[in-house]
Amino acid sequence: MIRRLIPLCLPAIILNCTTPPALQHPDPPAGLPEMWTALATTDGLPASLATDAQWWTSMGDERLAALVEEGLAHNHDLAAAVARVDRAVAAARIAGATTLPQIQAGGDASRNKRNFIGFPIPGGGGSTTTTTYKATLSASWELDLWGRLRSGAAKAIADAQAAAADLAGARLSLQAKIVRAFYNAIDSRLQVELLEATTNNLEVSTLQIRARYERGLRPSFDVRLAESNLAGTRAALALRRRAHDTAVRQLELLLGRYPAAEIEISEQLPPMPQAIPSGLPAQLVSRRPDLAAAERRLVAADLLLGEARRALLPRISLTGSAGRSSEDLGDLLDGDFAVWNLIGNITMPLFQGGRLRRQVDAAVAGKEQEIASYAQRVLTAFAEVEQALVAEQLLTEQEAALRIASRQAAAAERLSQHRYRHGLSDLIAYLDAQRRTFEARSQLLTVQRQRLEARVSLHVALGGGFRFDNPPDNS
């Protein structure tokens, strides 16, 4: 029976082969540069920065690298993204199955009894019992002459590819989140340590001021002002400690750990990686997963439009069945009891209330939407790279200025303390000098973290490291 159906199905098999759509690159918006306008002139690409997928290894912290690997292995949001890809792949396989024949096998047995009443049979009547056995094999297939089913299957493949690109984007985003959370945890702890040292200094100063007041050397105003300043600093310290606790627990969540605030982090922020290499081509953004996903969705929208247009054309289907029927189970193996049939039909949509044409209109609008979304995504990608490059330049200048401000503020604090002890200035000037010293050091820590985060943002905007392998020239 199967041999009889194969010649009928073979032409449709050849006709219905679905090839995944090739990667396409829509024309980018006009006016895009070949080089980055914000890129400063720097040295060539250092070997330590020649990284792509594992760009975080260029940040120079072994503990950080281990944490990123842990997060990639145990983060639950990333596991959910993997499941979404598996679901999209399964959906693509389901869609591809519509281009193949649908074959069913079946079998049944029935027993029938008939009574004969009123017939001239000796004894006045009678009955007969029969048992029938059947085995069947049926196949149905829509001949995809116009490619409607193939377009649907190819669209599902493009959707699965978009989901895979989304997964790559989720991995890149998770890597960046872990690195930023790691730096934030270090910065928050350093801020706590700085404020603890400031609080200790204020406690000593307050005791000294109270002692001078008790000896009649300073007015009560100084004591009250010092006590108020100390209490405000202690409140700020509690706030800083809470921020550090939140930062550590957030890092643990990204790693898939229970947020117990027990993770060990580095003692200091790592130094800035080596300078950004000169001559980075603008094509680096083509590696970004979000651009790949947008391109795949544009391809899927185009295939959906083709499917909607082909739905207006006739459909041709083949239905065939073969089997055997006998009153003896052993006769099912005998070819004399075989039966078969083959049916072909054609259907043409004549009136659907405009439903099919409106589906075409919706598909056209969907494609236009994806074209606009892709163009905007490209511009956004370039903007993110340019902003990250400018941010690193300006933060470098800001850090240099804050280093000078921190040194000068510390010197001014020492001078103000000396003048206050010798009665040459009032307490307000001394406390103001202490405040300025703390703020300059705190801002310096913040800018150092922001510089590292700007480098992270640059890696994310470029889709990885600084190395770019040019595609082979097939012309």
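Residues numbered from 1 in each chain as written. Predicted model: local features only at pLDDT ≥ 70, side-chain atom pairs only at ≥ 80, totals over all residues. Heavy atoms only, no water.

K.L.:
Quick question: what am I supposed to make of the overall build of the chain here?
P.N.:
When helices and strands are counted, the chain shows 8 helices and 4 strands. Of the regular secondary structure in the chain, the N- to C-terminal order runs α-α-α-β-β-α-α-α-β-β-α-α. In the chain, which comprises 475 residues, the proportion classed as buried is 37%. Across the chain, the fraction of contacts at a sequence separation of at least 24, relative to all contacts at a separation of at least 6, is 83%. (Helix = DSSP H or I, 4+ residues; strand = E, 2+ residues; numbered from the N terminus. Buried < 20%, exposed > 50% of the residue type's maximum accessible area, 1.4 Å probe, protein only. Contact = heavy atoms within 4.5 Å.)

K.L.:
I would appreciate a short explanation of the packing of aromatic side chains in the present structure.
P.N.:
What characterises a pair of aromatic rings is the spacing of the ring centres plus the angle enclosed by the ring planes. One pass over the structure, following the stated rule, counts 3 aromatic pairs. Aromatic pair Phe182 and Tyr183: ring centres 6.0 Å apart, planes at 55°, arrangement tilted. Classification of Tyr183 by relative accessible area gives buried; the value is 0%. Between the aromatic rings of Tyr420 and Tyr430, the centroid separation amounts to 5.9 Å while the plane-to-plane angle is 15°, which identifies the pairing as stacked. Pair noted here: Tyr420 is in helix 7 (residues 355–421) and Tyr430 is in helix 8 (residues 427–462), with a separation of 10 residues, a long-range link. Pair check on accessibility: Tyr420 and Tyr430 agree, each one buried. (Phe/Tyr/Trp six-rings, centres within 6.5 Å; stacked < 30°, edge-to-face > 60°.)

K.L.:
I keep staring at the packing of helix 4 (residues 148–214) against helix 8 and nothing clicks. Help me out?
P.N.:
The angle between the axes and the distance between the axes are what describe a pair of packed helices. In contact at an axis separation of 10 Å, helix 4 and helix 8 are set at 170° when each is read in the N-to-C sense. When the interaxial angle is binned, helix 4 and helix 8 end up roughly antiparallel. Taken together, the residues of the contact of helix 4 with helix 8 sort by class into 17 nonpolar, 8 polar and 5 charged. (Axes fitted to C-alpha atoms, helices over the stretch in contact; angles between N-to-C directions. Parallel < 35°, antiparallel > 145°, perpendicular 65-115°, else oblique. Nonpolar A, V, L, I, M, F, W, Y, C, P; charged D, E, K, R; others polar.)

K.L.:
What is the right way to look at helix 3 (residues 76–97) in this model?
P.N.:
A turn of α-helix holds 3.6 residues, and therefore any two residues three or four places apart point the same way. In this model helix 3 runs 32 Å from its N-terminal to its C-terminal C-alpha over 22 residues, within 8% of the 32 Å that 1.5 Å per residue would give. Residues of helix 3 that are buried: Leu78, Ala81, Val85, Ala88, Ala92 and Ala95. Along the axis of helix 3, the buried residues cluster in a sector spanning 90°; they form a single face. Opposite the buried face of helix 3, at more than 90 degrees from it, the exposed residues are His76, Arg87, Arg93 and Ile94. Packed against the buried residues of helix 3 are helix 2 (62–74) and helix 4. Where helix 3 begins, the capping side chain belongs to Asn75, and its oxygen is found 3.0 Å from the backbone nitrogen of Asp77. (Expected span 1.5 Å × (residues − 1). Arc of directions from axis to C-beta. Polar contact = N/O pair within 3.5 Å; in protein donor to acceptor, adjacent residues only side chain to side chain.)

K.L.:
What is the right way to look at helix 5 (residues 220–254) in this model?
P.N.:
Helix length check: helix 5, at 35 residues, gives a terminal C-alpha distance of 52 Å against a target of 51 Å (1.5 Å per residue), a fit within 8%. Among all positions in helix 5, only Asp222, Val223, Ala226, Leu230, Thr233, Leu237, His244, Ala247, Val248, Leu251, Glu252 and Leu254 are buried. Each element contacted by the buried residues of helix 5 is listed here: helix 2, helix 4, helix 7 and helix 8. Positive phi appears at Gly256, one or two residues downstream of helix 5, with a value of about 85°.

K.L.:
Just to check I follow, could you spell out the nonpolar core for this structure?
P.N.:
Most often, soluble globular proteins have nonpolar side chains that are buried together. With 45 residues, the main nonpolar core has Ile178, Val179, Phe182, Tyr183 and Leu251 as its most contacted residues. Within the residue set of this core, elements represented by two or more residues are helix 2, helix 3, helix 4, helix 5 and helix 8. For this core, the leading source of residues is helix 4, giving 18 residues. Other than its neighbours up to four places away in sequence, Ile178 contacts Leu64, Leu67, Val68, Gly71, Leu251, Leu254 and Leu255. (Core = buried A, V, L, I, M, F, W, Y, C linked by side-chain atoms within 4.5 Å.)

K.L.:
Looking at this structure, I do not really get the side chain of Arg296. What am I missing?
P.N.:
Turning to its location among the elements, Arg296 is positioned in helix 6 (residues 289–310). The exposure class of Arg296 is buried, given its relative accessible area of 5%.

K.L.:
What's the story with the confidence of the model for the chain in this structure? I'm lost.
P.N.:
Looking at the chain as a whole, the pLDDT averages 80, with 80% of positions reaching at least 70. Helix 5 holds the highest mean pLDDT among the elements of the chain, 95, whereas helix 1 (residues 2–15) holds the lowest, 37. Taken together, the stretch residues 35–51 has pLDDT below 50 and engages in 53 contacts with residues farther than four places along the chain or on a different chain. Confidence over residues 471–475 falls short of pLDDT 50; this stretch has 0 contacts with residues more than four positions distant or in other chains. (pLDDT = per-residue confidence, 0-100.)

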